[in-house]
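Architecture at a glance
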Number of protein chains: 2
Amino acid sequence: MGCKFWGSMDVVLCCFIALSLVHVSLGAKARHFKWEVEYMYRSPDCLEHIVMGINGQFPGPTIRAKAGDTIVVELTNKLHTEGVVIHWHGIRQLGTPWADGTASISQCAINPGETFKYRFKVDRPGTYFYHGHYGMQRSAGLYGSLIVDVADGEKEPFHYDGELNLLLSDWWHKGVHEQEVGLSSIPFRWIGEPQSLLINGRGQYNCSMAASFSNPAVGQCKFRGNEQCAPQILKVQPNKTYRLRIASTTALASLNLAIQGHTMVVVEADGNHVQPFAVKDLDIYSGESYSVLLRTDQNPSRNYWISIGVRGREPKTRQALTILNYSPTSASKIPTSRPPVTPPWNDYNHSKAFTKSIYALMGSPKPPETSHRRIVLLNTQNRVNGFIKWSINNVSLVLPSTPYLGSIKFGLNHGFDQRSPPDNYDSSYDIMKPAVNQNSTQGSGVYSITLNTTVDVILQNANALAKDMSEIHPWHLHGHDFWVLGYGEGKFEDGDEKRFNLNNPPLRNTAVIFPYGWTALRFVADNPGVWAFHCHIEPHLHMGMGVVFAEGVHRVGQIPREALACGLTGNKHN
Amino acid sequence: MGCKFWGSMDVVLCCFIALSLVHVSLGAKARHFKWEVEYMYRSPDCLEHIVMGINGQFPGPTIRAKAGDTIVVELTNKLHTEGVVIHWHGIRQLGTPWADGTASISQCAINPGETFKYRFKVDRPGTYFYHGHYGMQRSAGLYGSLIVDVADGEKEPFHYDGELNLLLSDWWHKGVHEQEVGLSSIPFRWIGEPQSLLINGRGQYNCSMAASFSNPAVGQCKFRGNEQCAPQILKVQPNKTYRLRIASTTALASLNLAIQGHTMVVVEADGNHVQPFAVKDLDIYSGESYSVLLRTDQNPSRNYWISIGVRGREPKTRQALTILNYSPTSASKIPTSRPPVTPPWNDYNHSKAFTKSIYALMGSPKPPETSHRRIVLLNTQNRVNGFIKWSINNVSLVLPSTPYLGSIKFGLNHGFDQRSPPDNYDSSYDIMKPAVNQNSTQGSGVYSITLNTTVDVILQNANALAKDMSEIHPWHLHGHDFWVLGYGEGKFEDGDEKRFNLNNPPLRNTAVIFPYGWTALRFVADNPGVWAFHCHIEPHLHMGMGVVFAEGVHRVGQIPREALACGLTGNKHN
């Protein structure tokens, strides 16, 4: 049965039916959701502001599915003047690149009043999440959890009795539009540190759950439990094993999580099984997810702090706290000792030790032994016409108004810069110092990658504009997982590839570069489409810190016309 | 030469050339502007917030043209996630209904990164302005002046030596997105009174130009003159006649303007000449414009206050002030007596006396003696599913995502409610009391008007939701001027039309209804297109206080495809 999505309505309908049949034939389930995105008043950290929510909920509803299921989200934009998209973070969108939910890349933003149907398969179990991917709408609160269980008859390679879910985020009292304007103003106005950290959308700005241990003191929070900022208590039974799913959709903050008196065993990272290892605390960067196993083996007549603190930046934001509540102890019983202390923000050795402890579980797919292409991406902070930007190989990314997926598919050369950005940077560049020439350019060019080739990406960190300053950046790849082959200090040099871990590198979709260091990734470009690869810090992406990979777009078929109803593709009739 | 705009690019190009030739042949000028709309940091009332500006200016650049000119504005949307349109308030858009700049009515909102070309003729001299017409972007600061002088060789029917321009607005410290959300929330959150009134985008929130006369006292403003909130001083020569152009684009406030020690002679209203009459102060409602002649016949060794105060609502906002500065007196010389006192906010007799003094200048076009249709529009405040709304004949307007102009032109019946809203309301309705049944419905239906017929509209005010409460609403009609045939108290009754002024009613595009009263308008539906008619108070329109008139849409040709690149028309190929 031949299908032509970019055709008349009845043809679309025919294809729709055909697809449905395919899913039925696989025996997996299609899970339908009708969502409305809108701003609403909410008190995420006890102070009232507007947040972007879904169906009146913040964070948005949790999607729960089984591997092999098809998710269908009919997303209606109920915002008044803003477009919207939703990215399904960690889902590779095999065969459905138009459903990746990245404005200007995979689709046009959905106009106010309109509905777009996201339809994609969740092929692998894991801990994922979704979030806005247009402007800084993730910062505005547009996010939620997406959890995929193993398919019926399948088993995880670990046992657990119960499950808990923590979606972590950070929150500003200044609205995102004002944040955006400040980032693209002269003088530059940085968004500053978050006012609050949120656990499942809940934090406490003007009081503390652990006031008696605080210094400086703030008042003790008093909750009846129905407040929008009341912490979600994690109720557990003694002597059981819980799977704690943790994902970070922070706009900025790198986090450290600890559970008082408990050890955690890491078993999953970004939807991939890892060699289990035990930790007292865990670093998590924006865009990452983990599962840890938690044994409730402590005194059940007490409760225990779960604490989240800031890493990698001077922590001007108080820890977020909630309580691990052992049954039958009362949930309102405050732990009698102070919450875990977050490691010093600049103790990078602690962070590196954790990150480098992550290996793929035995039996996981191994990377190809060699790659066809190496792309070295130098991360620098620059100026473009006086505006502060982040640049990759001296190009600061600006997104075009016509989505790349359409421009490339239909050969619309005016859709974006036709010159590809460089695969490397000037080898004389001194990454340890501010750039001699701090000027950069803006561009919308893409890296064209030959389908089914293996690509190595070396993310190279450097000094920022200010002296003695180099930041952590968590880079997230759409449409693929990559193997993290290694981390190094200073500049990546020819020969460093000999130290790559080709034996058991973890598969992930997000990996950090540490200050003044490099991180080596390898992926197979086997997913026809156009894919963002970018720093997951929202203001950094907004300031141009990303690149775009295009692979095998000629092989992409049947793009739903409503994905491309804007810009140069809006009037395209093929 | 046949033109088909909705065709291929080369056909569009051919038409473009053809149109250019037409303009050249008329001898009038095409005035080209390239504008970029973006948010920027600004201190309109001395406190810094983000405002929506154009080319870095707030208010936007003033357009100055001559009658018969063609204005071409290439508007690029540099906002990050919001669409944008600009409405040319008072310009009838004869033959160019797609250039009226009303989102969902005349065109699709322009997407971020895209450019839309507004091209329209300013056929008549007058004092006009332009502003955003999507969501509450006018409240965000998207506005500016549009002044059309008489054509070469033509003369105004009055003399003046110089000209001054005052564009009046109001300003909130809370952002418009938050305002919007509050208006569509349960519980309802009213935007409240403005923090400041602005004259040409400048006001003073935390100080006063006339502190020594203030009660309660605030500090005296001290300006070097280059502050963004420093008042624009009106410099005049003694013993001259000035034309003072005054337009109000307030979101909410009805205003009263007075110039200390001076009499003003009103000569123009909404682009139409009026029978000159002298006033000591002048009421101006949102959407209105006036020209007054000002004789600088006072002691030239002094300066004089120009004051703007709130009418019709309890004035919780301080007067806006600036100075009429007689040359060669120093501009920094503060007037020695207190600024004019705004009439009591609820002195409606004062307001009515002013409004009813406005008559068309002798020789102005007279209305047809009779009308073909009478539409009575009852204005009520209601609830819809618990949300507070404004309704017209019990229908609260919601705008569709596909612009009416496209839906109607191409017969897309799913574009909006096909049932027309009613031409009248239940005659038993008691306008003096809150409604017995306060529930209303939402709808997107239009009033279809037979082309070239004459229509009477009776705007009927009523009690709002609260007891003993009826507000002023300035109604603005797009695409036409109307004659204001009369005002009455209480309910309009059959027979009241005998009192209509058919002799010299003023032609206007905006007219108020006073509390518990009615206002009768007449217009000729001679402009093919789809036209909004609505309360010009921004939050009231947002709450549904408007209707839509469609006339002769079958006669509308050559709609530029970029005007309809969204919704159901986005994929239309004819």
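Residues numbered from 1 in each chain as written. Chains lettered and ligands numbered in written order. Predicted model: local features only at pLDDT ≥ 70, side-chain atom pairs only at ≥ 80, totals over all residues. Heavy atoms only, no water.

Per an unreviewed UniProt entry, chain A is named L-ascorbate oxidase, and its organism is Hibiscus trionum. The annotation that UniProt attaches to chain A under Subunit (unreviewed entry) is "Dimer." Its UniProt record, at the heading Cofactor (unreviewed entry), says of chain A: "Cu cation". (UniProt positions renumbered as here; feature names shortened; annotations may be inferred.)

This part takes up the sheet that holds strand E12 (residues 241-248) of chain B. Residue and element names in this part refer to chain B. One open sheet accounts for six strands, arranged E10-E9-E12-E17-E14-E15; its pairing is mixed. Two strands in the sheet have a free side with no partner beyond their single neighbour: strand E10 (196-199) and strand E15 (272-279). Here the average twist between neighbouring strands, direction ignored, is 25°. Where strand E14 (residues 264-269) lies against E15, five bridges are found, and the strand directions are antiparallel. In the sheet register, alanine 269 faces E15, and the bridge partner there is asparagine 272. (Pairing = 2+ DSSP bridges. Helix = DSSP H or I, 4+ residues; strand = E, 2+ residues; numbered from the N terminus. Axes fitted to C-alpha atoms, helices over the stretch in contact; angles between N-to-C directions.)

A cis amide bond links A:Phe58 with the next residue in sequence, A:Pro59, at an omega value of -15°. Note that A:Pro59 resides in the loop between strand E2 (49-54) and strand E3 (63-66). Of note in the backbone geometry, A:Tyr516 takes a positive phi value of approximately 55° without being a glycine. Here A:Tyr516 lies in the loop between strand E29 (510-513) and strand E30 (517-524). Of note in this structure, B:Gln558 is not a glycine but carries a positive phi near 55°. By secondary structure assignment, the location of B:Gln558 is in the segment after strand E32 (546-551).

Let's shift gears to helix H3 (residues 348-355) of chain A. In an α-helix, one turn spans 3.6 residues, which is why side chains three or four residues apart end up on the same side. All names here are of chain A. Every buried residue of H3 is accounted for by Tyr348, Ser351, Lys352, Phe354 and Thr355. Considered in projection along H3, the buried side chains sweep an arc of 160° and stay on one side of the axis. Contacts from the buried residues of H3 go to strand E14 (264-269), strand E15 (272-279), strand E16 (281-284), strand E17 (289-295), strand E18 (303-311) and strand E27 (482-489). (Buried < 20%, exposed > 50% of the residue type's maximum accessible area, 1.4 Å probe, protein only. Arc of directions from axis to C-beta. Contact = heavy atoms within 4.5 Å.)

This brings us to the state of the cysteines. Under the counting rule described, the total for this entry stands at six disulfides over all chains. Counting its disulfide-bonded cysteines in sequence order, chain A shows a connectivity of 1-5, 2-6, 3-4. (Disulfide = S-S within 2.5 Å.)

All names here are of chain B. Along the chain, tyrosine 205 turns up in the loop between E10 and strand E11 (234-236). Note: C-alpha distance between tyrosine 205 and glutamine 460 (255 residues apart in sequence) is 36 Å. With near-sequence residues (within four places) excluded, tyrosine 205 lies in contact with Asp45, Leu47, His173, Gln195, Ser196 and Arg318.

Expressed as a screw transformation, the operator carrying chain B onto chain A has a rotation angle of 180° and an axial translation of 0.0 Å, and the superposed copies differ by an RMSD of 0.0 Å. Those values place the two copies in the arrangement expected of a two-fold rotation axis. Measuring from the rotation axis to each C-alpha of chain B, the shortest distance belongs to B:Glu82, at 2.0 Å. Taken together, the interface assignments show that 100% of the residues at the interface of chain B recur at the interface of chain A, consistent with an identical surface on both copies. (Least-squares fit on C-alpha atoms with pLDDT ≥ 70 in both.)

Residue and element names in this part refer to chain A. UniProt's feature table lists "domain: Plastocyanin-like" (unreviewed entry) at residues 37-149, 165-328 and 437-552, given in the numbering used throughout. Between the first and last C-alpha atoms of residues 165-328 the distance is 21 Å; the span itself is 5% helix and 42% strand. For residues 437-552, the end-to-end C-alpha separation is 36 Å, with 4% helix and 46% strand making up the annotated structure.

Looking now at the nonpolar core. Among the nonpolar cores identified, the biggest contains 94 residues, and B:Trp35, B:Trp88, B:Tyr118, B:Phe533 and B:Phe549 are the most heavily contacted of them. Counting residues per element, this core draws most heavily on strand E1 (residues 30-42) of chain B, which supplies five residues. Beyond its immediate stretch of four places on either side in the chain, B:Trp88 contacts B:Trp35, B:Ile63, B:Val73, B:Gln93, B:Ala99, B:Asp100, B:Tyr118, B:Phe120, B:Phe129, B:Tyr130 and B:Leu146. Counting 93 residues, the second-largest nonpolar core is a separate cluster that includes A:Tyr41, A:Val148, A:Ile472 and A:Ala563. (Core = buried A, V, L, I, M, F, W, Y, C linked by side-chain atoms within 4.5 Å.)

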